[in-house]
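Breakdown of the fold
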Amino acid sequence: MVDLPEGIVTFLFTDIEGSTRLWEEAPDSMMEAIRQHDDAIDKTAASHRGIPVRPRGEGDSRFVVFPAASDAVAAAAEMQHRLAEMDWATPEPLRVRASLHTGTADLQLGDYYGAAVNRAARLRAIAHGGQTVMSASTWELVQDTMPEGVSAQDLGEQRLKDLTRPERVYQINVDGLDDSFPPLDSLDAVPNNLPIQLTDFVGRPEVEDIKRIIGETRLLTILAPGGAGKTRSAIQAAADLTSDYPDGVFFVDLAPVTSPADIAQTVAESIGVALATDEDLQTQLLAHLANEHQLLVFDNFEHLADGAGIVSEILTAAPQVRVITTSRAKLNITGETVFALPGLVISWDTPEEAFNASGVRLFIDAAKRADASFSLQVDDLDPLAQILDLVEGMPLGIVLAASWADTVRVDEIASEIGRSMDFLETETRDMPDRHRSMRAVFDYSWTMLDEDEQPMFAALSVFRGGFTREAAEVVAGASLRAMANLVSKSLVAFDRETGRYTIHELLRQYADEELQLDQAQWSETIVAHNAFFAEHSRQIEALMLLGDEVAALDLVEDDLDNIRWAWRQTLKRGDGEAIRAIIFALWFLYEIRGWTKAGAELFAEARDAFAPETEDHATEIAWALIASLEAKHLASFGHAEAAAPIATGAVTALRSLSDPFALVMALETLGEITTYLGDFQEVLAVGTEAVQVADDAGYEMWSAGMKNYQALAHLQMGQVETAIRLLLEGDAVLSRVGELFMRTWNLAAQAIIAMMQDRVDDAIDLHGRQAELAREVAYLRAQAVALQGLGQAYTRSGDLDGANDALLESLEKFEQMGLVADMAALIVMIARVRAKKGQAEHAVEILAGVLADPSRDQLSMFEQIPIGEAAVSVLEPLEAELDPDAYAAAHARGGTVSLDVMVKQLLGGP
C-alpha cells in the first residue's frame, strides 16, 4: 500500500457533471468513457507527484493528494487540458468539475478524514463541469508560482453548503480552455438565512432520504427525541436543495417562541418580509408567499403544536412552497409525512469500517475540539462501541461524551456513562439549556407528558431491550392509543417489521429514576413485569415440549433481556414459581447458542442470590434445577466428577416434587455427566428413567429424545443392534413432529454406529444431516459435534485435508463454548491426522499437552475410552517412529503448554 503524505497537503477532488443521465442514456459508451476519464486523471496526477486515494462522493469521482500545492495546480490544469482534447466514446463530452484545497491531513488507518477533506468536497460541489476552483489556502501557496499559461480569477467569498465559515474561492483559468461559467452553485446563489454552523456536518445517509421525500411531498416532519440531530439534518438537507428553490430557502427557529400567536411574525422575520399594513399578520404573510417558490424549515415545533394550522394555511395559499419541520411530536395535520430520524451508525466489522462509521466520525471530531491532539487508536474502538451503544447513536450524547476527551480516556468515558447519565453534560456556554446535558434533554421531554402519561411512561422503564404491545398493556397499562401518543412524541420508537417498541436506553434510565420515586408503583410494576415474563417462559416451555424449537427460540431471543431482568428480580424476591417458569427458557437458549461460560455465570449467580426461605414445592423445584444446571456447566468445563453428586442430588429431590418436566431436564443433565464419566450402566438407568417419566407425562418428543442415552449406553456396552433399534424408534418420532434439538444427537449416534460398521459414506451423510439440522436453529454444540464426526469420517476415508479442516472448525466452535473435555478429544483427533500427514513431532507436542491436562481422565460424548488413553494410543507408534531425542524434546515442549494456549495455537491465534 502506498504511504500517504501527512502534514500540510493539497487535495484534488473531481467528479463528472451529469454522469447519472449519461449512464442512463448510454451505459455501454459510459463504461469506455469512464476508462478514458480514469486513465487521463491518473496519468496526469502521477506525472505531478499526485497519489490517488479512495474516491469521495459518487462512483465517478476521483480523489488525489499532493505534497505540494504547486504540483496540484499544475496537475489540475493539465488534467482539464487532457479531458478537453479527449475523443470521448459518449455522445457528448464528459465535463469534469474539480476543486483544490490545502489543509492539515487527518490520516486514520490509511485514509484521510476531517475538516480539510470535507472542505475540498464542498468546494467541488459548487463548481460546474469543466471548471476548477481552489480555496484561499491553496491560492496563498501558489500565487507566486503559477504554471505558465495558468492564472487565477477571484470569485469572491462564497458560503459552501457545509454551512460553516465562508470561503474565498478562486477559479483556475487555463489558456485555450473555456473560462466562462455560470455563477457558482453556493448558498449565495439564492436568498437564504440558513445559520452558519461552527462544526462540520458528519455525513449521514438520512439527509438524502429527507431530500428525496420533500421532493415527493409538500410537508415533511423530521421526528426524533432531543439531541438526535433533527435540526442539523434539516438544515443540511435545505442547504443541499437551494438550487431547487429560486425564491429562497429559509430557516424559522421556533425554540424561543412561546405562543402560537407569534408564529406568523417569526416566519415573516425569518424570510425578511415586513408586515406593516392593518391587515391580520397571517393574512399578509400568506399573501406574500402565494407566488413564492420557497422551502421553509420550521425548527422545534413540538411546544407549539396548537399552532400547526399555520403550516396548513401556508401550503394551501402558496402552492410552490414546501415545508420541513423538526419536532419531538407529530403535527397531526393533513398532508404530513413523518420521517423518524435514527441515530448515527454505531456498528462495524473492521477497524477500517469503524473509522467510516458516522458515530465514530462525530466522536473524533468532537474530541478534537476538546483536545486538538486527540487521536483515536484501534484499542479505543471497543470502549467507543460501548459509548455509542449506550447513547444509541444519539449525536448529542456522542458530543457530550467526546467533550471529556481532554481529561478522561475513552474506556473511562464508557465506564462513567454506564454508571450515570449525569456524566453526559457540558459547560459549553453557547449550548442551548435544553441541550446542556442528557438530563436536560429528558427533563424537557418529560414536561411534554400529561399527568396520566407520566406514570405510564415511567412504568415502561422496567422493560429491557424492547417490548410488545401486549407487554406494555399488561405491565404498564398502556393502551394502543397511549403507545401511539408516546411514539408521536419521540419517547418510544416502533419497529413495523418486528412489531416491537423500544425506549432509548438513557431515556429509559431517566424514566426508571422517576418510577423509583414512587416505591409502591415501582414494586407493583416489577411484580407485573416478572409475572408477564414468567408466563411468557411457560409458553416457550410448552412449544419445546411439542418439538417446535424454532418458535420457542424466537420467543426467547426476542425478549431475552426482559427474561434475564425478570429472572434476576424473581431471584431477589425469592419467587420460586416464577424462577421455575423462567429457568427452562434461559437454559434452552444458552444451550443452543453455546453460551456455556455465560450460562455457568448466570446459574452460579442464581445459586448465590436465591436463598429460599420457604419449603413450598415451586421453590424446591427451582432450587433443584439451579443445582442441576450448575452441575451441567461444571462437567462442561472438565469437572464431571465434582458435578456428578450435585446432579444426582437434584434428581433425587425432583423425584418427589411432582414436576415431570423438571425431572426430565435433571435426568438429561445427569445422563450427560455420567456419559463423560464412562459409567454406562448408570447412563442406561438414567436414560430409562427419563423415558419412563416422559412417557407417563405424555412428553412424546422428550421420550424419543431420551432414548439417545439408552442407545448410547447399549452401544458402549457392545449391544449394537439394541442401540440401532432405539435410535430408529426415536428418530421416527422426532422426524414426524419436526423436532431438531434431540434429533441432532440421534443422528450423531447413528453416524457413530455407521463408523463402527465401516460404513464411512453413511457416516458422512448422517453427520452432514446432523450439521444441517443444527444450522437451522444455530445449535452451536451440535454443529461442533457434526464437524468432529465428519473429521473422523474423512480421516477414515483418507481425505486428510478435509479431515483437518473439519476438525479445526469443530475445535473453534468448542473453544467458543469453553467445553474443555471436547477440546481435548478434538486435539487427539487432530494429532492423529497430523501424524498421518507426516507431521509426527507436532502430533507428539499436542498430545503431550492433552496428557498434561486434567480432562485426560474424562470421556468425550461418543468415545469408549478416556481421552488420555486415546492420546496414548496415538503416541505409541509415534514414539517408535521418531528419533528418541526428537520424541523427548517434542513431548517436553508440549507438556508445558496449557490446553487453552494449545487450542489458540492450532486455530492460528496469538
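Look a little higher up for the structure.
The structure reproduced in this document is the subject of the present report. Because the structure is a prediction, the values reported are computed rather than measured.

Conventions and cut-offs
- Residues numbered from 1 in each chain as written.
- Predicted model: local features only at pLDDT ≥ 70, side-chain atom pairs only at ≥ 80, totals over all residues.
- Heavy atoms only, no water.
- Pairing = 2+ DSSP bridges.
- Helix = DSSP H or I, 4+ residues; strand = E, 2+ residues; numbered from the N terminus.
- Axes fitted to C-alpha atoms, helices over the stretch in contact; angles between N-to-C directions.
- Contact = heavy atoms within 4.5 Å.
- Salt bridge = Lys/Arg side-chain N within 4 Å of Asp/Glu carboxyl O.
- Buried < 20%, exposed > 50% of the residue type's maximum accessible area, 1.4 Å probe, protein only.
- Phe/Tyr/Trp six-rings, centres within 6.5 Å; stacked < 30°, edge-to-face > 60°.

Across the sheet, which stays open at both edges, the five strands sit in the order S11-S12-S13-S10-S14 with parallel pairing between neighbours. Two strands bound the open sheet, and with one partner strand each, they are strand S11 (249-253) and strand S14 (337-340). The mean angle between the axes of side-by-side strands here comes to 20°, regardless of whether they run parallel or antiparallel. Summarising the sheet, strand S10 (residues 219-223) and S14 pair through four bridges and their orientation is parallel. From the neighbouring strand, Ile 222 faces S14, where its bridge partner is Phe 339. Docked against the sheet, helix H7 (residues 230-240) engages S10, S11, strand S12 (295-299) and strand S13 (322-327), running at close to 160° with respect to S13.

Per the counting criterion, the structure on display carries 49 salt bridges. Arg 564 serves as the salt-bridge partner of Asp 561, at 3.1 Å between the closest nitrogen and oxygen. Here Asp 561 and its partner Arg 564 are both found in helix H23 (residues 560-573), three residues apart, which amounts to about one turn of the helix. Glu 605 is paired through a salt bridge with Arg 568; the nearest N and O atoms lie 2.7 Å apart. Here Arg 568 lies in helix H23 and Glu 605 lies in helix H25 (residues 596-609), a separation of 37 residues in the sequence. Judged by its relative accessible area of 31%, Glu 605 falls in the partly exposed class.

Okay, the environment of Asp 349 next. Mapped onto the fold, Asp 349 is located in the loop between S14 and helix H11 (351-354). Taking the relative accessible area as the measure of exposure, Asp 349 reaches 69% and is therefore exposed. For the pair Asp 349 and Tyr 779, spaced 430 residues apart in the sequence, the C-alpha separation amounts to 23 Å.

Turning to the packing of aromatic side chains, a few remarks are in order. Going through the model one piece at a time under the given rule, you end up with 22 aromatic pairs. Relative to Phe 533, the ring of Phe 532 has its centre 5.0 Å away and its plane inclined at 80°; by these criteria the two rings are edge-to-face. Relative to Phe 588, the ring of Phe 584 has its centre 5.7 Å away and its plane inclined at 5°; by these criteria the two rings are stacked. Within this pair, Phe 584 and its partner Phe 588 are both found in helix H24 (residues 576-593), separated by four residues, close to a single helical turn.

What follows deals with the pairing of S12. Note on strand geometry: in a regular strand, side chains alternate between the two faces of the sheet. For S12, the tally of buried residues reaches five of five residues, placing the bulk of the element in the interior. Every second residue of S12 is oriented toward a common face, with Leu 295, Val 297 and Asp 299 on one face and Leu 296 and Phe 298 on the other, all of them buried. Across four bridges, S12 lies against S13 in parallel orientation. Bridge pairing links Leu 296 to Val 323 in S13.

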